[in-house]
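Below are the chains, spelled out letter by letter.
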Amino acid sequence: MQLQGKKIVLGVTGSIAAYKAALLVRLLVKEGAEVQVVMTPSAKEFITPLTLATLSGRGVVSEFFHSADGTWNSHVELGLWADAMIVAPATAATIGKMAGGIADNMLVTTYLSMKAPVFIAPAMDLDMFAHPSTQRNLDILHSYGNHIIEPAAGELASHLCGKGRMEEPHIIVEKLKDFFLADSPLKGKRLLITAGPTYEKIDPVRFIGNYSSGKMGFAIARECALQGADVTLVAGPVALKTPHSSIRRIDVESAQEMCDVATEEFARCDAAVLSAAVADYRPSEQAVQKIKRTADNMRIELSPNPDIAATLGKSKRPSQLLVGFALETDNAEANARLKLQKKNLDFIVLNSLQDEGAGFAVDTNKVTIIDNDSRVEYPLKNKAAVARDIVAHLKKLLLVCLMMFLPSFVDAQELNATVTLNTSKIQGTNTEVFTVLKDGVTEFINNRKWTQYEFEEHERISCNFTFVVDSYSDDGSFVCTLMVQATRPVFGTTYSSVLFKYEDKGIRFKYQPYDRLEFNEDNLDNNLTALIAFYAYMIIGMDFDSMGELAGSEYLNKAQSIAGNAQNLGDSGWRAGSNENNRYTVIDDYMNGAMEPLRRLMYRYHRLGLDTMFKNADGGRKIITSCMDMLKEAYDNRPLAYVTKLFTEYKQDEIVNIYSNKGGAEEKKAVVRILSEINPSQMDAWDSIEKSAL
Ligand code: PMT
């Protein structure tokens, strides 16, 4: 409802088309707009103020002063009040006065004071419309930024045929809606809505389900579509029609099906609203035939279903929003707040079955919208109106997101890599080949789409690949050390935190100038790009882990598989000889179950710790302090301890900075004790934390 609550000034002038103003007022009011009619004196010859006042529900303004008591109508206030002004019909005379600034009536003075966009729908005879003077005036008004709604061609009041007939009221309303739609924060946004119940089959004729009708979710989907969003509605078994023609609907039955579809769809969405009532359990087994009645009691064993909201919450990117519902019967608000946190939601819509008229199947609902900073309780309303409240809150948060992520340039790239080639060790040989190689490698990394996601420019991970060439022979083979470092942006700030730092020695490659740099997972023999792909996936996987616990598995698995394939190729691959801790062991150890605390720590440290720290220094630091126990837990799983050591090494400066002159004595002591145990070689740095003033 783009016009819902919009304040419209409708200027009516003296034209035979003035009768259409009555219809226009009705349509605007029906769309939820507040309409204030302003008439020129001659307009009253064509339609009575009483008609327009009755239809708009507001007194018509026409004169500067009320003759009865001398009070005056404020055109300035109207100019500030309105969200838009429409002049329909607009005669040649009024158009001329508007273009020339001749403020001899209330309509033109209101126009000159108008702060809101102005729409002009001319209505006149064809020759008057075609006259250069009218056209020039319209050009002038257009140049002032006013919107001209071109008249239609057809039979005119003069019985002549041609262009000059005021555009039909419903088309004027559509144009106004389009205008506000273009302004809508939901325009073009991709939204995922889940709705309805899920059915969990017991046998071919029975299921476990619930009373959800889908009405709430369908109302939200409709509202989003009306506001220009690109909506995907994932619906459980409901008896409702798709509420808007632009909505893409996917019907599912079980929680698992809903989860599969939602997970896939969410990756390409800007936000999701999860209003479905998802069954938390399903029968562990489904009987193939109808279960027959017996005299005995019957037990059905249940297995847990996936928690869709929590799954999406884990993979959520900083630019995405996730909205959940909480349907409660007791302890409503405390439970809702718990779900908000546990499922990593941006806000939650609480409805309680304790409230009459709220919840399942009814046409009304009573909700409280809760996020980390606010709580708004709404009265009982119909579900369409509740949907408007929810969408209004979503839009507010989307705007905040938009502001945080501007400017956004999205293309097929997620890594911002720089490549450095250090050839100082092979001086005297022809190093030109490396100049070509450097450009090729940079292009390969930056132009490749490593994930299915579209990342905003400032969300991308910066990384540096430095090759130090140890030896080179004319057949194109060379041995080098590769140093890889990646930094991830801290949410909502310009600060970047080191994500990964690793040095890989004794790598053998073969490269002839202008060899095509292609990555082919099936052929990793002596393949330079396979090694780069390995590190790219490793970095992306770790970054995803930092966005949601263990969320990077998909990419880390790819890295692991590349490493495994290359390992199998033996010396002809890009294996690193007998290095004790090489890239194979790094990925294996990071993915190993024993390293799970470290993987979960990536999320806690970056997302909850650093991201919070920039809003709340003490709160963020305390979360990072709690990460130290996870680090210790991973460290205690020797012989994998070196990965935790690696972590403390690349985070060293950051950690020292976090605790220098900050935090309590006990807190610092505990942190330093763990760090010193894990990485005694950095004792000086850890000491400096304890020595720093409180
Ligand atoms: O469909 P109607 O008849 O109009 O009724 C509307 C409604 C009452 C179903 C709706 O307003 C509502 O409250 N929906 C959420 C119902 C619910 O399952 O609440 P919950 O508190 O159990 O779940 C919390 C959140 O986690 C919800 O967003 C839910 O979609 C989600 N969830 C729950 C379980 C699960 N396995 N996966 C989930 O994603």
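Bear in mind that the values here come from a model prediction, so they are computed numbers and not experimental data.

Here we take up the sheet that holds strand β1 (residues 7-12). By definition, the strands of a sheet pair up through backbone hydrogen bonds, in either a parallel or an antiparallel sense. Strand order in the open sheet formed by five strands is β2-β1-β3-β4-β5, with parallel pairing between adjacent strands. Of all strands in the sheet, those bounded by a partner on one side alone are β2 (34-39) and β5 (147-148). Pairing of strand β4 (residues 118-122) with β5, which is carried by two bridges, proceeds in the parallel orientation. Its bridge partner lying in β5, Ile120 is registered against Ile148. Packing of helix α1 (residues 19-30) onto the sheet brings it into contact with β1, β2 and β3 (84-90), and relative to β1 it is tilted by some 175°. Its contacts with the sheet place helix α2 (residues 49-56) against β1 and β2, and it is angled at close to 165° to β2.

Turning to the confidence of the model for the protein, a few remarks are in order. Residues of the protein with pLDDT of at least 70 account for 93%, and the chain-wide mean is 88. Across residues 406-412, confidence stays below pLDDT 50; counting only partners more than four residues off in sequence or on other chains, it has 15 contacts.

Quick look at the domain arrangement of the protein now. Size of an interface, as often reported, equals the accessible area lost when the parts are brought together. The domain boundaries assigned to the protein delineate domain 1 (7-181), domain 2 (190-291 + 300-404) and domain 3 (606-694). Put simply, the middle of domain 1 and the middle of domain 2, counted by C-alpha atoms, are 44 Å apart.

Attention now moves to the site of the ligand. Near the ligand lie 29 residues; those nearest to it are Ser212, Ser213, Lys339, Asn351 and Ala361. Contacts to the ligand include Lys215, whose backbone N or O atom sits 3.3 Å from an oxygen atom. Residue Leu327 places a main-chain N or O atom 3.1 Å away from an oxygen atom belonging to the ligand. For the ligand, whose free accessible area comes to 770 Å², the fraction covered by protein is 95%. At the level of secondary structure, the elements contributing two or more residues to the shell around the ligand comprise α9 (215-226), α11 (308-315) and β16 (321-328). Among the elements that line the shell around the ligand, the one with the most residues is β16, at five residues. Considering only residue class, the shell around the ligand consists of 14 nonpolar, eight polar and seven charged.

Formed by 95 residues in total, the largest nonpolar core has its most connected members in Ile445, Phe465, Phe467 and Phe500. Looking at this core element by element, the count peaks at 14 residues for helix α15 (residues 528-545). Apart from the residues within four sequence positions on either side, Ile445 is in contact with Leu415, Ala417, Val419, Trp450, Phe465 and Ile532. Core analysis: the second largest hydrophobic core is formed by 33 residues, Phe218, Ile220, Ala229 and Val238 among them.

A few words now on the packing of aromatic side chains. Counted by the stated rule, this structure contains 19 aromatic pairs. Every member of this aromatic cluster is reached through a ring pair, and the members are Phe434, Phe467, Tyr472, Phe478 and Phe509. The ring of Phe180 has Lys6 sitting right over it, with the charged end atom 4.9 Å from the ring centre. The ring of Trp450 carries Arg448 above its face, with NZ or CZ at 4.9 Å from the centroid.

Another aspect to go through is a nonpolar patch on the surface. The grouping of Tyr281, Met298, Ile300 and Leu302 at the surface amounts to a nonpolar patch, some 390 Å² of accessible area in total. Structurally, the position occupied by Ile300 is in the loop between β14 (281-283) and β15 (302-304). On the basis of relative accessibility, which here comes to 38%, the residue Ile300 falls in the partly exposed class.

Our focus in this paragraph is the environment of Leu415. With respect to the helices and strands, Leu415 occurs in strand β22 (residues 415-422). For the pair Leu415 and Leu556, spaced 141 residues apart in sequence, the C-alpha to C-alpha distance is 16 Å. Contact partners of Leu415, with chain neighbours within four places excluded, come to Ile445, Asn446, Trp450, Arg460, Ile461, Cys463, Ala536, Ile539 and Ile540.

As a further point, take helix α23 (residues 683-691). For α23, the full list of buried residues reads Ala685, Trp686 and Ile689. Taken down its axis, α23 places every buried residue within 95° of arc, on the same side. Residues of α23 that are exposed and point over 90 degrees away from its buried face: Asp684 and Lys691. As for α23, its buried residues are in contact with α20 (641-650), α21 (652-659) and α22 (665-678).

Right, let's get into the environment of Asp270. Mapped onto the fold, Asp270 is located in the loop between α10 (255-266) and β13 (271-274). Placed 248 residues apart in sequence, Asp270 and Ala22 show a C-alpha to C-alpha distance of 41 Å. Contacts of Asp270, omitting those with residues within four sequence positions, involve Lys189, Arg190, Ser319, Gln320 and Leu321.

To continue, consider the packing of helix α19 (residues 617-635) against α20. In a pair of packed helices, the angle between the axes and the distance between the axes together describe the arrangement. Across the interface, α19 lies against α20 with an axial gap of 7 Å and an inter-helix angle of 145°. The segment α19 lies against α20, with Leu631, Ala634 and Tyr635 engaging Ala641, Thr644, Phe647 and Thr648. Per-class residue counts for the contact of α19 with α20 are five nonpolar, two polar and no charged.

Residue placement: Ala22 occurs in helix α1. By relative accessible area, which is 14% here, Ala22 ends up buried. It is 7.2 Å that separates the C-alpha atoms of Ala22 and Thr51, two residues lying 29 residues apart in sequence. Residues contacting Ala22, with those up to four places away along its chain left out, are Ile47, Thr51, Leu52 and Leu55.

The next point concerns helix α17 (residues 583-591). Taking burial as the measure, the nine residues of α17 include seven buried ones, the bulk of the element. For α17, the set of buried residues is Arg583, Tyr584, Val586, Ile587, Asp589, Tyr590 and Met591. For α17, the secondary structure elements touched by its buried residues are β25 (496-510), α15, α16 (553-568), α18 (596-613) and α20.

Calculation rules
- Residues numbered from 1 in each chain as written.
- Predicted model: local features only at pLDDT ≥ 70, side-chain atom pairs only at ≥ 80, totals over all residues.
- Heavy atoms only, no water.
- Pairing = 2+ DSSP bridges.
- Helix = DSSP H or I, 4+ residues; strand = E, 2+ residues; numbered from the N terminus.
- Contact = heavy atoms within 4.5 Å.
- Axes fitted to C-alpha atoms, helices over the stretch in contact; angles between N-to-C directions.
- pLDDT = per-residue confidence, 0-100.
- Domains from an automatic or database assignment.
- Near = heavy atom within 4 Å.
- Polar contact = N/O pair within 3.5 Å; in protein donor to acceptor, adjacent residues only side chain to side chain.
- Areas by Shrake-Rupley, 256 points an atom, 1.4 Å probe, with all protein chains shown as cover.
- Nonpolar A, V, L, I, M, F, W, Y, C, P; charged D, E, K, R; others polar.
- Core = buried A, V, L, I, M, F, W, Y, C linked by side-chain atoms within 4.5 Å.
- Buried < 20%, exposed > 50% of the residue type's maximum accessible area, 1.4 Å probe, protein only.
- Phe/Tyr/Trp six-rings, centres within 6.5 Å; stacked < 30°, edge-to-face > 60°.
- Lys NZ or Arg CZ within 6 Å of the ring centre and 35° of its normal.
- Patch = residues over 30% accessible without salt bridge, like charges linked within 9 Å, V, L, I, M, F, W, Y side chains within 5 Å.
- Salt bridge = Lys/Arg side-chain N within 4 Å of Asp/Glu carboxyl O.
- Arc of directions from axis to C-beta.

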